[in-house]
Amino acid sequence: MERFVEGGVYNLVLLNLAPTGPLYGADPDEPRFFSEEWWHILDQVCAHALKLGISLWVYDQIGFSGANIQGEIVREQPEYAGQWLESVCVEGEGTLEAMCPAHGVPIAAGVVPVDDDGRATGPVVEAPIVDRVARWEGVGRHRLRMAYWVEKGFDYFSPDACRRLLDVIHGAYEARVGKYFGKVIVGSFQDELPSLPTWGRDFPEQFARRWGYRIEPHLVGLWESDDETSRKARVHYHRLRAELAEEAFFKPLFDWHQRHGLICGFDQQSPSRAGEPMGAVRQYADYMATHRWYQAPGSDHHGDAKIHSSLAHLYGRRRVWIEAFHSSGWGGTIEETLDWLLPWLRAGATLYNPHAVYYSTRGGWWEWAPPSTCWRQPYWRHYAQFAHAISRLCGILSEGTHVADIGVLFPTTTVQAGLTPDGATAAAERVEKTYLQLVGVMHWQRTRPGVMDQDRRDYDILDEASVTRADVREGALVAGGERFKVVITPACSVMDAPVARALLRFVDQGGRWIAIATLPEQILGEEAGELLEAIRRAHQAGKVHLIAEASELPAVLADHARIVDAPWPTLLRRVGDAHVLFVTAAFPNATKHHRPHGQAVHYEFDPSSYARSVRVTVHGVKGQPELWDVTTGERRPLTAVWNGESCQVDVPFESGPAALVVWPGKAPLEAAEPGSAAAADEVELYTFGDRWAAQVEPTLDNRFGDFSKPDTQGPFPLETWFFEHTTAAPEEDTALRERAGAENA
């Protein structure tokens, strides 16, 4: 831990990679996870961390890794197993029979007429089930489907099961090291929570109690139908999954952390972590509803920061997790890592969790998810400067309130309406395509800026609950301390009545609703017909704008003044009366990724693509602007051009590719005359010659055999390794191995 302090690292997540057996080349943990010896060591680690001023985060082992805690709980109490909805179907003419598999429990069956391509051409008709067999006889081509449930996984719908899970994990931490809560242990991390079940022991009863009708007659329609009744049933089906999981797992998890003053961060499964709407519903039923119950929402670098920072903004969470950059290889430098972080910080991430530091690298042969971001790297002697810079940035960008006046509705209801148990309707596919065109893709290796970023517009992603509870004031939808003057609905053909009412109130008071691809075609809830008619009238009156494609949005927004006018997207936050602007020297950064010949990681980092300065104009700020140097922590005033409350500054990038500009909120101290130019800083350039002399300077510490065996004091001999390889078809593989063996004999 002293080595971490040397590197300026004061927060550590403790993760057991192989708690119950070998995993990813790692030997089973010794001592065994949660054994008495393990707890004794953890207690000692906490005591030592307290002396060093280090904060620890525990890993809950609920998702990624192999602790199998849920499996052990189910082994002891089988009633805590999850239930999953499946189906068997048969298609043809005449008499049809569908038999429930031996491991399944039948629920309902139905038959639907189909054409030669297998498309349903009529409504679902209920079919009887006798002795686990559904039978139907009729004229013409039909498909008979039986829905049944199977038992697997863990029941995240059961309050008793989840109470037991949290007691086994979090209760154990509370009992054994609770004395360190808030002083040393400051939070927990959850990685890749398993998908929520698709059925439950009292699912039909809960469905009837909450929605007022039975699900069984509509069950086969979840697969087969796309009429209004089936779309409503699918929404209620997925919404029940979300509500049961919220009540049993997500809320109690949040409450436990709140009670102890701890933070819970997460990185969930793909594609939910990336904010892809269909995957988010399939895995977690309602991603924004279930994942608002974390103190630090987030993802790894295969995810998306914007959806998680939006959750933080809307629900008052200070921190947004970014776990990065595992599997990026051993060669990354501090300079490159900072460049990779820039898009995530700009999108709202404020809690950087480097992945990872390994207890042992086995003489340099440990190859799972490299690098090991620690003293094993030649840059470690300089890491503290990097760590302090990131800490300054993340600390400052965690303060106050995000400033953006455009909201993009996350289209949960439309996706729920179109997501079948094993597929999706055209409407669901269209809404996901439209949404991703708007917001883009942040994945580290395949970044694709969306229309919003291309148009240099900052925004937040709005969940439906926030829209419903928002106030409308002076033409703005007010939620989470932000004032949204524009709300965009991406191909949202199905909408809840409360959301529709809120948006109509919004446009009636001067707000701007822009619908892409379609206006709502189905409203769920009371007064559905009246609301559809009101939306139609608002559209005819010009209060609701309808455009065909996301690419048309910049033209529609051309008359909407930007809060920040810059060459590329920025991040603005309000802290009391002050404003903080985060500006980067490139967009999205200076790294270009390639994947030639299927390589997992191949990139080019070009720092010459950084701008030396950028000119920005910010509206609604006050006071003499200052440049806050994120590398040194120094502050100095910037020359500004004022036009009312609009301020134009040239932002220099003298010590790195990112800068903070702060307006303190007081009257400008030395406001320049309108129209005057900002003074340019003089830069002296030196050109190096063509001939260079180089000297090998050992930087690696092999005292513990991190790079070579046996362990050595001081530098170990310089080695040059050469590798040869060949590729072959499967049938050629044996001959190649034999030839290679003969050549090396």
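These notes cover the structure that comes with them. Since this is a predicted model, take the numbers as computed values, not measurements.

Overview of the sheet that holds strand S28 (residues 564-565)
Read from one edge of the open sheet, four strands run S28-S33-S37-S36, paired in antiparallel fashion. Two strands in the sheet have a free side with no partner beyond their single neighbour: S28 and strand S36 (640-643). With seven bridges joining them, strand S33 (residues 613-619) and strand S37 (residues 646-652) adopt antiparallel strand pairing. When the bridges of S37 are listed, Val618 appears paired with Cys647.

Points about the sheet that holds strand S38 (residues 658-663)
The antiparallel open sheet is built from six strands, whose spatial order is S13-S29-S30-S38-S34-S35. Both outer strands of the open sheet, strand S13 (401-402) and strand S35 (635-637), are each paired with one neighbouring strand and no more. Both strand S30 (residues 578-584) and S38 contribute to a ladder of six bridges, which runs antiparallel. Considered in S38, the bridge of Thr584 is made with Ala658.

With respect to the packing of helix H3 (residues 69-76) against helix H4 (residues 159-177)
Interaxial distance between H3 and H4 falls to 10 Å at its minimum, and their mutual angle equals 125°. Classified by the angle their axes make, H3 and H4 are oblique. Once H3 is placed against H4, the crossing between them reads as right-handed. Residues Ile69, Gln70, Ile73 and Glu76 of H3 touch H4, and the partners they reach there are Arg164, Leu165, Val168 and Ile169.

Brief notes about the pattern of salt bridges
In total, this model carries 48 salt bridges according to the counting rule given. One continuous salt-bridge network, built from bridges that share partners, spans Glu91, Arg141, Arg143, Arg145 and Glu224.

Focus: the packing of helix H5 (residues 203-211) against helix H7 (residues 228-259)
For any two helices packed against each other, one specifies the inter-axial angle together with the distance between the axes. Where H5 meets H7, the closest approach of the two axes is 10 Å, and the angle between their N-to-C directions is 105°. Judged on the interaxial angle alone, H7 and H5 are roughly perpendicular. Between H5, through Phe203, Gln206, Phe207, Arg210 and Trp211, and H7, the contact on the second element is made entirely by Ala233, His236, Tyr237, Arg239, Leu240, Arg241, Glu243, Leu244 and Glu247. For the contact of H5 with H7, the residue count by class is seven nonpolar, two polar and five charged.

Things to note about helix H14 (residues 426-439)
The end-to-end C-alpha separation of H14 is 20 Å, in line with the 20 Å expected for 14 residues at 1.5 Å each. What H14 keeps buried is the set Ala428, Val431, Glu432, Thr434, Tyr435, Leu436, Leu438 and Val439. Count one or two residues on from H14 and you reach Gly440, which has phi positive near 80°.

Regarding the environment of Arg75
Following the sequence through the fold, Arg75 ends up in helix H3. On the basis of relative accessible area, Arg75 is assigned to the exposed category, the value being 57%. Each C-alpha atom, one on Arg75 and one on Gly63, is 18 Å from the other, the two residues being 12 residues apart in sequence. Within polar-contact distance, the side chain of Arg75 engages the side chain of Glu72 at 2.9 Å.

Overview of the pairing of strand S1 (residues 11-14)
Pairing of S1 with strand S2 (residues 55-59) involves four bridges; the strand directions are parallel. Looking across to S2, one finds that Leu12 is bridged to Leu56. The parallel pair S1 and S2, bridged by helix H2 (residues 36-52), forms a crossover whose chirality is right-handed.

Some words on the nonpolar core
In this structure, Tyr173, Phe249 and Ile488 are the most contacted members of the largest nonpolar core, which totals 186 residues. Of the residues forming this core, the biggest block, 12 residues, is contributed by H7. If you look at the next biggest cluster of nonpolar residues, it comprises 16 residues, including Leu17, Ala18, Trp57 and Trp321.

Some points on the pairing of strand S25 (residues 512-516)
Burial runs high along S25: five of the five residues are buried. Here S25 shows no split at all, with Arg512, Ile514 and Ile516 on one side and Trp513 and Ala515 on the other all buried. In this sheet, S25 lies alongside strand S23 (residues 486-490) in parallel orientation, the contact comprising five bridges. Bridge assignment links Val486 to a residue of S25, and that residue is Arg512.

Details of H5
Taken residue by residue, H5 has Phe203, Pro204, Gln206 and Phe207 as its buried positions. Viewed along the axis of H5, the buried residues span an arc of 165°, placing them on a single side of the element. Check the buried side of H5 and you find it contacts H7. After H5 finishes, the residue Gly212 shows a positive phi value of roughly 85°.

Conventions used here
Sequence order as written defines the numbering, with residues in each chain counted from 1. In keeping with the predicted nature of the model, local features appear solely for residues at pLDDT of at least 70, side-chain atom pairs appear and are counted solely at 80 or more, and the whole-chain, interface and lining totals rest on all residues. Side-chain metrics rest on all non-hydrogen atoms present in the structure, leaving aside hydrogens and water. We call two strands paired when DSSP finds no fewer than two bridges between them. In this description a helix means any DSSP run of H or I spanning at least four residues, a strand means any run of E spanning at least two, and both kinds are numbered starting from the N terminus. A fitted line through C-alpha atoms represents every axis, and for helices the fit uses only the stretch in contact; the resulting angles, taken between N-to-C directions, go from 0 to 180 degrees. For this classification, under 35 degrees means roughly parallel, over 145 means roughly antiparallel, 65 to 115 means roughly perpendicular, and everything else is oblique. Each crossing is labelled by how the near helix is turned from the far one, with a counterclockwise turn of less than a right angle marking it left-handed and a clockwise turn marking it right-handed. The contact criterion used is simple: two residues touch if any of their non-hydrogen atoms lie within 4.5 Å. The rule for a salt bridge is simple: a side-chain nitrogen of Lys or Arg has to be within 4 Å of a carboxyl oxygen of Asp or Glu. When residues are grouped by polarity, Ala, Val, Leu, Ile, Met, Phe, Trp, Tyr, Cys and Pro land in nonpolar, Asp, Glu, Lys and Arg in charged, and all others, Gly among them, in polar. Any helix carries an expected span of 1.5 Å times its number of residues minus one. The classification of residues rests on relative accessible area computed with a 1.4 Å probe and restricted to protein chains. Under 20% of the type maximum is buried, over 50% is exposed, and intermediate values are partly exposed. Polar contacts here mean pairs of N or O atoms no more than 3.5 Å apart (in protein, one a potential hydrogen donor and the other a potential acceptor; neighbouring residues in sequence count only if both atoms are side-chain atoms). If the strands point away from the viewer and the path from the first strand over the helix to the second runs clockwise, then the crossover is right-handed. Only buried residues count toward a nonpolar core. Its members are Ala, Val, Leu, Ile, Met, Phe, Trp, Tyr and Cys residues joined through side-chain atoms within 4.5 Å. Of all possible arcs, the one meant is that of the directions from the helix axis to the C-beta atoms.

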